[in-house]
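# An overview of the molecular structure
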Amino acid sequence: MANHDSKKNNQSHSEHDGHKHHNHEHHNHEHHDHEHHSHDHREHHNHNGHDHSGHGHGGGHAGHHEHMIDDFKKRFWVSLVLAIPITYLSPMIQMLFNYEVNFTGNTIVLFLLSTIVFFYGGKPFLLGAWDEIKTKTPGMMLLISLAIVTAYIYSTLTAFLIDGSDFYFEVATLIVIMLLGHWVEMRSIMGASKALEELIKLMPKEAHKIDASGNIVEVSVEELHPGDEILVKSGEKIPIDGEIFEGESTVDESMLTGESVPVEKGPGMKAIGGAVNGEGVLKIKVNKIGNDTYLSQVIQLVSEAENTKSKAQGFANIAAKWLFYVAVVAGIITIAYWSTTGDFEFALERMVTVLIIACPHALGLAMPLVTSRSTSIAAKNGLLIRNRTPFENARKLDRVVFDKTGTLTEGNFGVTDIHPSNNVSKDELVKLAYSVETQSDHPIAKGIVKEGKNRNLELYEVTNYRNLTGKGLTADVKGTEIAVISPGAMKANNIDFDEETYEKLAQQGKTVVFVLRDNVLQGMIALADIIRESSYEVIKQLKDSGIETVMMTGDNNRVANYVGEKLGLSKVISEVLPHDKSDNVKKLKEGGKKVAMIGDGINDAPALAEADLGIAIGAGTDVAIETADVVLVNSDPVDILNILKLSKASYRKMIQNLGWAAGYNVIAIPLAAGVLYNVGIVITPAIGAAVMSLSTIICAINAQLLKID
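Residues numbered from 1 in each chain as written. Predicted model: local features only at pLDDT ≥ 70, side-chain atom pairs only at ≥ 80, totals over all residues. Heavy atoms only, no water.

## A closer look at the overall build of the protein
Note the cut-off: Where helices and strands are cited, they refer to DSSP runs of H or I of at least four residues and of E of at least two residues respectively, numbered from the N terminus. Burial classification: accessible surface area is computed with a 1.4 Å probe over protein chains only, and a residue below 20% of its type maximum counts as buried, one above 50% as exposed, and the rest as partly exposed. We call two residues contacting when some pair of their heavy atoms lies within 4.5 Å. Throughout, the Shrake-Rupley method with a 1.4 Å probe supplies accessible areas, and for residues the shown protein chains are the sole cover considered.
Helices and strands together make up the secondary structure of the protein, namely 26 helices and 22 strands. Per-residue burial over the protein gives 59% buried out of 709 residues. Pairs at least 24 residues apart make up 73% of the contacts formed inside the protein by residues separated by at least 6 positions. For the protein, the computed accessible surface area is about 28,000 Å², with 55% contributed by carbon and sulfur atoms.

## Some points on the sheet that holds strand 6 (residues 263-265)
For the record, the criterion: At least two bridges found by DSSP between two strands is the condition for calling them paired.
As summarised here, the arrangement of the three strands in space is 6-5-8, forming an open sheet in which the pairing is antiparallel. Bordering the open sheet on either side are strand 6 and strand 8 (276-277), each of which pairs with just one other strand. Bridge analysis of strand 5 (residues 249-252) against strand 6 gives three bridges, and the strand direction is antiparallel. Of the residues in strand 6, the one forming a bridge with V251 is V263.

## Structural notes on the UniProt feature "transmembrane region" (unreviewed entry) in the protein
Worth spelling out the cut-off: UniProt positions are given in the numbering used here, feature names are shortened, and annotations may be inferred rather than shown by experiment.
The UniProt feature table records "transmembrane region" (unreviewed entry) at residues 76-97, 103-121, 142-161, 167-184, 319-339, 351-370, 658-677 and 683-706. The straight-line gap between the two end C-alpha atoms of residues 167-184 is 26 Å; of that span, 94% is helix and 0% is strand. Each end of residues 319-339 is marked by a C-alpha atom, and these two atoms are 30 Å apart; helix forms 100% of the span and strand 0%.

## A closer look at the sheet that holds strand 21 (residues 613-617)
We apply this condition: Note on definitions: angles span 0 to 180 degrees between N-to-C directions of axes, and those axes are lines fitted to C-alpha atoms, for helices only across the stretch in contact.
Ordered by their spatial adjacency, seven strands build an open sheet running 10-22-21-20-11-18-19, and the pairing between neighbours is mixed. Among the strands making up the open sheet, the edge pair consists of strand 10 (383-385) and strand 19 (571-573). The sheet shows a mean angle of 20° between the axes of neighbouring strands, direction not considered. Packed on one face of the sheet, helix 20 (residues 533-544) meets strand 11 (399-402) and strand 18 (548-552) and runs near 160° to strand 11.

## Let's talk about the side chain of D71
Stated formally: Identification of polar contacts relies on pairs of N or O atoms within 3.5 Å, with a donor-acceptor requirement for protein atoms, meaning one able to donate a hydrogen and the other able to accept it, and with residues adjacent in sequence counted only if both atoms are side-chain atoms.
Considering the arrangement of structural elements, one finds D71 in helix 2 (residues 62-89). For D71, a relative accessible area of 16% corresponds to the buried category. Of the polar contacts made by the side chain of D71, one reaches the side chain of R75; its length is 2.9 Å.

## Quick look at the packing of aromatic side chains
The following threshold applies: Working definition: rings of Phe, Tyr and Trp (its six-membered ring) pair if their centres are within 6.5 Å, and the pair is stacked with planes under 30 degrees apart, edge-to-face with planes over 60 apart, and tilted otherwise.
Across all of its chains, the model carries 18 aromatic pairs by this definition. Consider the rings of F76 and W183, whose centres lie 5.6 Å apart with planes at 40°: the pair is tilted. Taken as a pair, F76 in helix 2 and W183 in helix 7 (residues 168-188) lie far apart in primary sequence, 107 residues in all. Ring-pair connections join several aromatic residues into one group, and the members of that group are F111, F118, F119, Y152, F160 and Y168.

## Description of the pattern of salt bridges
Heads up, the rule is: Think of a salt bridge as a Lys or Arg side-chain nitrogen and an Asp or Glu carboxyl oxygen that are within 4 Å of each other.
Counted according to the given criterion, the structure contains 17 salt bridges. Where K283 meets E246, a salt bridge forms, and the shortest distance between an N and an O atom there is 3.5 Å. In this pair, K283 is assigned in strand 9 (residues 282-286) and E246 in strand 4 (residues 242-246), connecting sequence segments 37 residues apart. You can call E246 partly exposed: its relative accessible area is 42%. Two residues, D604 and K581, come together in a salt bridge whose shortest N-O distance is 2.6 Å. Residue D604 is found in the loop between strand 20 (595-599) and helix 23 (605-610), and its partner K581 is found in helix 22 (residues 578-589); the two are separated by 23 residues along the sequence. The buried category is assigned to K581, whose relative accessible area is 0%.

## What about unusual backbone geometry?
Positive phi, close to 55°, is recorded for K136, a residue that is not glycine. Under the relative-accessibility criterion, K136 is labelled exposed at 72%. Despite not being glycine, E575 shows a phi value in the positive range, around 50°. Structurally, E575 can be placed in the loop between strand 19 and helix 22. Overall, the relative accessible area of 39% leaves E575 in the partly exposed class.

## What to know about a nonpolar patch on the surface
For clarity, the threshold we go by: Like charges are joined within 9 Å and nonpolar side chains (Val, Leu, Ile, Met, Phe, Trp, Tyr) within 5 Å, but only among residues with over 30% relative accessible area and no salt bridge; these make up the patches.
There is a patch of nonpolar side chains on the surface, built from I108, L112, F160 and L161 and spanning about 420 Å² of accessible area. Here L161 lies in the loop between helix 6 (140-160) and helix 7. Overall, L161 belongs to the exposed group, its relative accessible area being 67%.

## Focus: a negative patch on the surface
Convention followed: We score Asp and Glu as negative and Lys and Arg as positive, and we do not count His or the chain ends. A charge is said to be at NZ when it belongs to Lys, at CZ for Arg, at CG for Asp and at CD for Glu.
On the surface, a cluster of negative charge is made up of D496, D498, E499, E500 and E503. Residue placement: D496 occurs in the loop between helix 18 (487-492) and helix 19 (499-507). Overall, the relative accessible area of 70% leaves D496 in the exposed class.

## Some points on the side chain of T501
Along the chain, T501 turns up in helix 19. Only 2.6 Å separates the side chain of T501 from the side chain of D498, close enough to count as a polar contact. Those residues in contact with T501 that sit more than four places away from it in its chain are H419 and M524.

## Quick look at the environment of Q656
Inspection of the secondary structure assignment puts Q656 in helix 25 (residues 640-673). Taking relative accessible area as the criterion, Q656 reaches 35% and is therefore assigned partly exposed. Between the alpha carbons of Q656 and N702 there is a distance of 8.1 Å; along the sequence they are 46 residues apart.

## Some points on the packing of helix 16 (residues 426-437) against helix 17 (residues 443-454)
Definition in use: Put simply, angles under 35 degrees are roughly parallel, angles over 145 are roughly antiparallel, angles from 65 to 115 are roughly perpendicular, and the rest are oblique. Crossing handedness follows the turn of the near helix against the far one: under a right angle anticlockwise gives a left-handed crossing, and clockwise gives a right-handed one.
Running from N to C, helix 16 and helix 17 point in directions that differ by 125°, and their axes come no closer than 9 Å. Considered as vectors, helix 16 and helix 17 are oriented oblique to each other. Helix 17 is crossed by helix 16, and the crossing has left-handed handedness. Note on element contacts: helix 17 touches helix 16 through A445, I448, V449, E451, G452 and K453, opposite V430, A433, Y434 and E437.

## Here's the deal with the environment of I69
Along the chain, I69 falls in helix 2. In the structure, I69 is positioned 114 residues away from W183 in sequence and 6.0 Å away in space, judged by C-alpha atoms. Not counting the four nearest positions on each side in its chain, I69 is found in contact with W183, M186 and R187.

## Digging into the packing of helix 4 (residues 106-121) against helix 6
As a reminder, the rule being used: Three categories are distinguished: nonpolar for Ala, Val, Leu, Ile, Met, Phe, Trp, Tyr, Cys and Pro, charged for Asp, Glu, Lys and Arg, and polar for the others, with Gly belonging to the last.
At a minimum axis separation of 11 Å, helix 4 and helix 6 run at an interaxial angle of 165°. One finds that helix 4 runs roughly antiparallel with respect to helix 6. Of the two elements, helix 4 crosses helix 6, and the hand of that crossing is left-handed. Counted together, T107, I108, F111, S114, T115, F118 and F119 of helix 4 and I148, V149, Y152, T156, A159 and F160 of helix 6 form the full contact between these two elements. When its residues are assigned to classes, the contact of helix 4 with helix 6 shows nine nonpolar, four polar and no charged.

So, in structure tokens, the structure goes:
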């Protein structure tokens, strides 16, 4: 049979409904027991999207993520309201705007309001900073905390113990702006992945155990042991991994493998827990329990990949890390130098000014605004960004790995070749097959029916429809018997056909059916999983950009190589068992190569998690979607081109904004440190605040100018 990823392989040799017609022995596809391809998943959703490593939003539930967004929102509004009287009472603002507020206890009121903002509004940053210290990964949280802790402690000292300027205004505005930035960024990102929960939900809780006397006993899945025998009724989920010892059925493994076509199962074949049984009744001997089962291994793979991946830092965090080092070094040099003059209070004020200015408001707001804007543009272009850090790094990709079925191909059979015999026209040949196949819902039948409809052919009236198990279909049309049968049935009936043409088609991984009228050959029709039109464009553009294109599939070599050659792929990896997919991604990453993976099934999940950028097809399984960093809502791989363009454009904007923010710092930090103090030039906290605000506004406007080139 042909061209349908291992995923499909099975299928077609299954019945064409009963249509076992294409038993297509050919391309010895013998459905290589494709249970395999399924265990391939580790997810990555490291929502470090908002690199807030700190504030507890590391790993889990969308509900938790919603709570985090609400928490930042509430802290922002409370802090903003309190920042208004703090600003009004701030001596620095009074001096800047030349007014005076003086009443008994005004300093205490300013201190109390600022203390509430510092502890309530600053709590996420302080907790985040502690996490960054523990993990030795300084970033945004530590930079912000350095500035607000220094400013708050110094302001409290100047309010009650020593001479000097207060920075309560700076504490309040920095916290308000940083809370706003984090709130905007978190709200623009979809949030925590639920992939592990989705996987666990797939597993049934109970099983029908066959006891020693042959009676059926209801037990929980936890009570099963290797060697136990269970019964799976039609329509039920298979509760646990095992081997079928009695019964035949079609099993829907699409939730596990991403393949839409049910797989024929019989004695001696494997059954995967979580797959859905079709019409037949199966008796299964349990051979794996607990952590050894397929889904448990998938959960483990996903979990491991997520934990590894979530250590990555986003661009803003990396910039913040270096600014933190700059601030600490500049602050130490400043206080050390000015302490030699004997005026420690002045030295302390200079150091505090340096540390506050080193944490630019622009970095806290401008980066999230780029994030928010790029997420919005992405959504309009059918891209759902779930994990910012891998998306930001998409600009550095060296290789893109595609799953075949449902990604590069449509995942549906279509007619590719029509070879009529003798005086039969192509339309007549299709019309005969179309009329008979309308009685079947097998994937091959659907492909022929689709072709008939595309050609606007009228159906013949069909009577006496019969399903020849393992061979094909027959029906009476206008007093003659029309049969649509497999190559195996042709050989079994000793009917001659053009074997050269057939072999050529089979070599391309196509499934071939033969149409007979009263046992006389009318012609052959070849079908294959149709390559998406957009796949040609995406492969060409990626190659033109210097990015290697790789297809990884469980399907056999012939089918895979045929698709690879048609598309001009750089590399084809075929007959890959599901649990090997992530290992292949690891190999492709060797040598520091950045690898993206595009897939749609549970079997792709570990590979999606392992890749530097995991991309899920929107029409794929929930688990693949939950595992991915980016989801292609329109299920069209051509959208990966927009991911690359938007990632590059976002990076450029971030660099520009960092340039504005850092450019201000390059000038402001030395002046704040007092390098020109002896010639009368020094940055006062008031001037620093004004220039910082201007820098932030410029960055905010620049972020809004982001677009896909």
